Amino acid sequence: MEQLIVAIDGPAGSGKTTIARNVAIMLDMLYLDTGAMYRTVAYAALKDGVDVSDFDKITQVFENNTFDFKYCEKKKKMQVFLNEEELVNEIRTDDVEVAVSDVARNGIVRERLVALQRKISKKEKRVILDGRDIGTVVFPDADVKIFLTAKPEERARRRLKDKKLPESEIKIVMKDLLRRDKIDSERAIGPLKQAEDAILIDTTELILEEVINKVKELIIAKK
Ligand code: DC
């Protein structure tokens, strides 16, 4: 059987992770949450007190820590380990969210994580990856490329719901999403960008099931 690679890219809060994970479970595919990998490196940098804006210092984070990323078939989810300890909520904090875009701008970090993403994927027949540069850099020849987006207000609203925050915080959440979009799209290496041959799905007016079904149909049509 040929390998099947599905690349799902898009801005923060567009629903990539939820959609990719659900579709992977339904179609029995391996799922790689590449954002979780960047978040783990950001968490490690914060833990070690490394200034994330100092490009050279970030290599120390790789020297001083061990990272492991894998898909747990039993739990049907991607797991990240720092020094053999699994991180779950630790990589979803505000501090990590503030630091991660700077970490993800770093060429050394990107080179290492992209190499790992390719290595993990090569072992599997059918893989879904979600991120910012999957269809453009990690797997430019992916069989299915999808770019998910939604209006900033809707993305912020979904974030509020996920994080159980009050409606009054919508402006702060939206500001943070737009700040991350800007850094992610303007960086020199692997910027957030829709691949020319990616299918754009605007999920602003769609419910989760509709998006899942659309993505599933696109993959099944390729199988
Ligand atoms: O998808 P997410 O919010 O978990 O991603 C966290 C950060 O990681 C995001 O701000 C940009 C970065 N990222 C990246 O640069 N490239 C990827 N393939 C995935 C995420």
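Structure's up top.
Residues numbered from 1 in each chain as written. Predicted model: local features only at pLDDT ≥ 70, side-chain atom pairs only at ≥ 80, totals over all residues. Heavy atoms only, no water.

## What about the packing of aromatic side chains?
Basically, it comes down to this: We call Phe, Tyr and Trp rings a pair once their centres come within 6.5 Å, taking the six-membered ring for Trp, and we label the pair stacked below 30 degrees between planes, edge-to-face above 60, and tilted otherwise.
The final tally for this structure, using the stated rule, is two aromatic pairs. Aromatic pair phenylalanine 62 and phenylalanine 67: ring centres 5.5 Å apart, planes at 55°, arrangement tilted. With 6.3 Å between their ring centres and 15° between their planes, phenylalanine 67 and phenylalanine 69 make a pair best called stacked. Ring pairing ties together the aromatic residues Phe62, Phe67 and Phe69, which thus form one cluster.

## Comments concerning the site of the ligand
Note the cut-off: Any residue with at least one heavy atom within 4 Å of a molecule or strand is counted as near it. Think of a polar contact as two N or O atoms within 3.5 Å of one another; within protein, one of them needs to be a possible hydrogen donor and the other a possible acceptor, and neighboring residues in sequence only count if both atoms come from side chains. Each accessible area is a Shrake-Rupley result for a 1.4 Å probe, and residues are judged covered by the shown protein chains and nothing else. Numbering of helices and strands starts at the N terminus; helices are DSSP runs of H or I of at least 4 residues and strands are runs of E of at least 2. Gly is put with the polar residues, along with every residue not named as nonpolar or charged; the nonpolar set is Ala, Val, Leu, Ile, Met, Phe, Trp, Tyr, Cys and Pro, and the charged set is Asp, Glu, Lys and Arg.
Taken together, 16 residues lie near the ligand, and Arg39, Arg110, Arg132, Asp133 and Arg187 sit nearest. In the environment of the ligand, an oxygen atom lies 2.9 Å from a nitrogen or oxygen atom belonging to the side chain of arginine 132. For the ligand, an oxygen atom lies 3.1 Å from a polar atom in the side chain of aspartate 184. When the free accessible area of the ligand is taken as 450 Å², the share hidden by the protein chains comes to 99%. Secondary-structure elements contributing two or more residues to the shell around the ligand are helix H2 (34-47), helix H4 (94-104) and helix H8 (170-186). No other element matches the four residues that H2 contributes to the shell around the ligand. In terms of residue class, the shell around the ligand is built from three nonpolar, four polar and nine charged.

## Digging into the sheet that holds strand E3 (residues 67-72)
Here is the rule: At least two DSSP bridges between two strands are required for those strands to pair. The angle between two axes is taken between their N-to-C directions and runs from 0 to 180 degrees, where each axis is a line fitted to C-alpha atoms and a helix contributes only its stretch in contact.
One open sheet holds the three strands; their spatial order is E3-E4-E5, and the pairing between them is antiparallel. Among the strands making up the open sheet, the edge pair consists of E3 and strand E5 (85-87). Across the sheet, the mean angle separating the axes of adjacent strands is 35° when strand polarity is ignored.

## Section: the sheet that holds strand E7 (residues 144-149)
The strands making up a sheet are joined through hydrogen bonds of the backbone, oriented either antiparallel or parallel. Using the following cut-off: Contacts are assigned to residue pairs with any non-hydrogen atoms lying within 4.5 Å of each other.
Strand order in the open sheet made by the five strands is E2-E6-E1-E7-E8, with parallel pairing throughout. The outermost strands of the open sheet, each flanked by one partner alone, are strand E2 (30-33) and strand E8 (199-202). Taking the axes of each pair of neighbouring strands and ignoring which way they run, one obtains an average angle of 20° across the sheet. Strand direction decides the pairing type here: E7 and E8, joined by four bridges, are parallel. When the sheet's bridge partners are listed, threonine 149 is paired in E8 with aspartate 202. The sheet contacts of helix H1 (residues 16-26) involve strand E1 (4-9), E2, strand E6 (126-131) and E7, and relative to E6 the element is tilted by about 170°.

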